[in-house]
Amino acid sequence: MRCELLDYELPEALIASRPPEERDGARLLLVDRGRGAGEVEHGAIRDLDRYIERGALVIVNDTRVVPARLFGKKRGTGGQVELFLLHRLDDAPAGGEDLAAGPRESAARPERWRAMGRASKPIRPGAVLDLERDGALAAEVLERADDGVLTVLLSSPAGLSVAAAIEAYGHVPLPPYLGRGDDAADRERYQTIFARVPGAVAAPTAGLHLSPALVERLRANEVEIASVTLHVGLGTFQPVTVDDLDQHPMHTEVYSVPEATADAVARARERGAPVVAVGTTVVRALETAADPARAGLVRAQSGETRLLIQPGYRFRVVDALLTNFHLPRSTLLALVFAFAGRERALLAYRAAIDASYRFYSYGDAMLIRGASAP
């Protein structure tokens with residue numbers, strides 16, 4: 001796909017910097033793949049139970065966003081630094097230096113992490129960073145890759161694990177296009193109600209719309225709820241800069257499709273019910289786990305996915321998609337184009353802009369359903 005085809009113009013005023021007052025208070029654009037391109041309906045997320053078929057299977061992402069932004073100073077120079085944690089590598093070997101503990105303290109086991117760093121001068125191997133209040137965390141820079149990604153050894157004060165220190169003192173990693181820092185409200189609202197497995201550095205944003213009351217109404221309509229885990233990585237925001245999408249270095253994300261969800265998909269197929277993915281992350285997990293020997297089913301499996309979905313892709317599992325509105329020139333938008341058809345999706349985006357829908361992570365949503373696009 002030529003990447004200029006992933007462009008559209010969005011007025012900056014339509015970028016939502018904060019979520020709606022109520023979790024299920026967003027607007028919903030309804031797109032039916034069985035109708036003509038440009039035919040859309042306007043609805044509300046709180047009425048989602050009216051728009052999803054009775055008995056359907058709805059699959060959510062239960063990843064939990066790690067408060068991955070850490071601020072501090074370089075030890076020795078006092079220079080200001082920001083560390084953005086990407087993912088944990090493993091626990092540090094026994095005997096690793098405890099950078100956070102004082103001479104009479106013993107801290108929890110250090111951990112190695114991949115991270116991105118920002119400072120007035122490049123952060124070099126050997127640097128030690130004192131992070132957050134009272135040195136709640138410390139990081140020794142072990143390596144710096146050619147692309148600038150750091151390997152750091154994180155340690156924390158006595159009696160506090162590295163994970164607990166990150167959770168207590170880290171900042172919610174809001175996308176930069178929101179144009180603001182995080183606040184106390186983001187601790188709750190940038191997590192879905194299903195968030196269970198820590199590991200994401202960005203929220204699976206379609207899931208942010210589902211409230212406990214809405215889920216109960218779906219279940220009252222005999223809708224089954226199942227989950228997958230896909231840890232959203234920073235690469236999800238990586239813009240496409242190549243001319244041909246095939247040349248884009250697709251980011252890797254860790255995923256898991258449990259046995260219970262594979263069984264739920266099989267039951268949905270037996271009763272002729274659609275599989276509704278809540279977000280592009282769920283699509284990537286399900287389509288990665290699609291069973292090549294059994295059409296429409298998935299295998300229980302875990303691993304890493306680099307699946308790039310663009311127009312021409314044949315969907316094997318997902319029948320309907322609830323998704324937010326995505327950035328131009330992004331692989332997420334390419335996935336939506338593949339699912340809805342490019343012309344239909346662009347006309348839907350134009351209708352949303354004309355109706356002043358709110359865009360991106362904290363914005364409104366679109367439900368794409370119906371027969372496959374031609």
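Conventions we followed
- Residues numbered from 1 in each chain as written.
- Predicted model: local features only at pLDDT ≥ 70, side-chain atom pairs only at ≥ 80, totals over all residues.
- Heavy atoms only, no water.
- Axes fitted to C-alpha atoms, helices over the stretch in contact; angles between N-to-C directions.
- Helix = DSSP H or I, 4+ residues; strand = E, 2+ residues; numbered from the N terminus.
- Contact = heavy atoms within 4.5 Å.
- Nonpolar A, V, L, I, M, F, W, Y, C, P; charged D, E, K, R; others polar.
- Buried < 20%, exposed > 50% of the residue type's maximum accessible area, 1.4 Å probe, protein only.
- Pairing = 2+ DSSP bridges.
- Core = buried A, V, L, I, M, F, W, Y, C linked by side-chain atoms within 4.5 Å.
- Expected span 1.5 Å × (residues − 1).
- Salt bridge = Lys/Arg side-chain N within 4 Å of Asp/Glu carboxyl O.

1. What to know about the packing of helix α7 (residues 331-340) against helix α8 (residues 342-354)
Next, step 1: One can describe the packing of α7 onto α8 by two numbers: an axis separation of 6 Å at closest approach and a directional angle of 115 degrees. On the side of α7, the interface is formed by L333, V336, F337 and A340, while α8 contributes R342, R344, A345, L346 and Y349.
Next, step 2: Across the contact of α7 with α8, the residue classes tally to seven nonpolar, no polar and two charged.

2. What to know about unusual backbone geometry
Generally, phi is negative for residues other than glycine and the peptide bonds are trans, each holding for most cases.
Next, step 1: A positive phi angle, near 65 degrees, is found at E222, a position not held by glycine.
Next, step 2: Locating E222 in the fold gives a position in the loop between α4 (212-220) and β12 (224-230).
Next, step 3: The class of E222 is exposed, set by a relative accessible area of 52%.

3. Notes on the pairing of strand β17 (residues 365-369)
Next, step 1: Most of β17 sits inside the fold, with four of its five residues counted as buried.
Next, step 2: Inspection of the sheet shows strand β1 (residues 27-32) paired to β17 by five bridges, in the parallel sense. For L29, the partnering residue across the bridge sits in β17 and is M366.

4. Thoughts on α7
Next, step 1: Most of α7 is tucked away: 10 of the 10 residues are buried.
Next, step 2: Where α7 is buried, its residues contact α6 (280-288), β16 (320-324), α8 and β17.
Next, step 3: Following α7 by one or two positions, G341 has its phi on the positive side, about 95 degrees.

5. Examining the nonpolar core
Next, step 1: Core analysis: the biggest nonpolar cluster contains 70 residues, and Y8, I59, Y190, L286, F359 and M366 have the highest contact counts within it.
Next, step 2: Per-element accounting of this core gives the leading share, eight residues, to α7.
Next, step 3: Setting aside chain neighbours within four positions, we find Y8 in contact with H326, L327, P328, L333, L346, Y349, I353, F359 and Y360.
Next, step 4: If you look at the next biggest cluster of nonpolar residues, it comprises 25 residues, including V81, A127, L129 and L137.

6. Things to note about α8
Next, step 1: Given a rise of 1.5 Å per residue, 13 residues ought to cover 18 Å, and the 18 Å separating the end C-alpha atoms of α8 matches this to within 8%.
Next, step 2: Every buried residue of α8 is listed here: R344, A345, L346, A348, Y349, A351, A352 and I353.

7. Thoughts on the pairing of strand β14 (residues 275-278)
Put simply, side chains in a regular strand alternate between the two faces of the sheet.
Next, step 1: Residues of β14 alternate between two faces, with V275 and A277 on one and V276 and V278 on the opposite face, all of them buried.
Next, step 2: Two strands pair when backbone bridges link them, and strand β3 (residues 57-61) and β14 are joined in this way by three bridges, in the parallel orientation. Looking at β14, one finds that I59 is bridged to A277.
Next, step 3: With three bridges connecting them, β14 and β16 associate as parallel partners. Within β16, the residue paired with V278 across the bridge is L322.

8. Observations regarding the side chain of T261
Next, step 1: Along the chain, the position of T261 falls in helix α5 (residues 259-271).
Next, step 2: Discounting chain neighbours no more than four positions away, the residues touching T261 are I59, A226, S227 and V228.

9. A closer look at the pattern of salt bridges
Next, step 1: Applying the stated criterion to the full structure yields 23 salt bridges.
Next, step 2: The shortest N-O distance in the salt bridge between R50 and D47 comes to 3.5 Å.
Next, step 3: Among the residues examined, R50 registers a relative accessible area of 61% and is labelled exposed.
Next, step 4: Among the ionic pairs, E287 bridges to R316, the shortest N-O distance being 3.9 Å. Of this pair, E287 sits in helix α6 while R316 sits in the loop between β15 (301-305) and β16; the two residues are 29 residues apart in sequence, bridging distant segments of the chain.
Next, step 5: Note on R316: relative accessible area 36%, which makes it partly exposed.
Next, step 6: The network of salt bridges with common partners includes R18, R180, D183 and D186.

10. Observations concerning the sheet that holds strand β13 (residues 253-257)
Next, step 1: Strands sit in the order β2-β1-β17-β16-β14-β3-β12-β13-β15 across an open sheet of nine strands; the sheet is mixed. The open sheet has two edge strands, β2 (40-44) and β15, and neither has a second partner. Direction aside, the axes of adjacent strands within the sheet are offset by 25 degrees on average.
Next, step 2: Two elements, β3 and β12, share five bridges in a ladder whose sense is parallel. From the neighbouring strand, V58 faces β12, where its bridge partner is I225.

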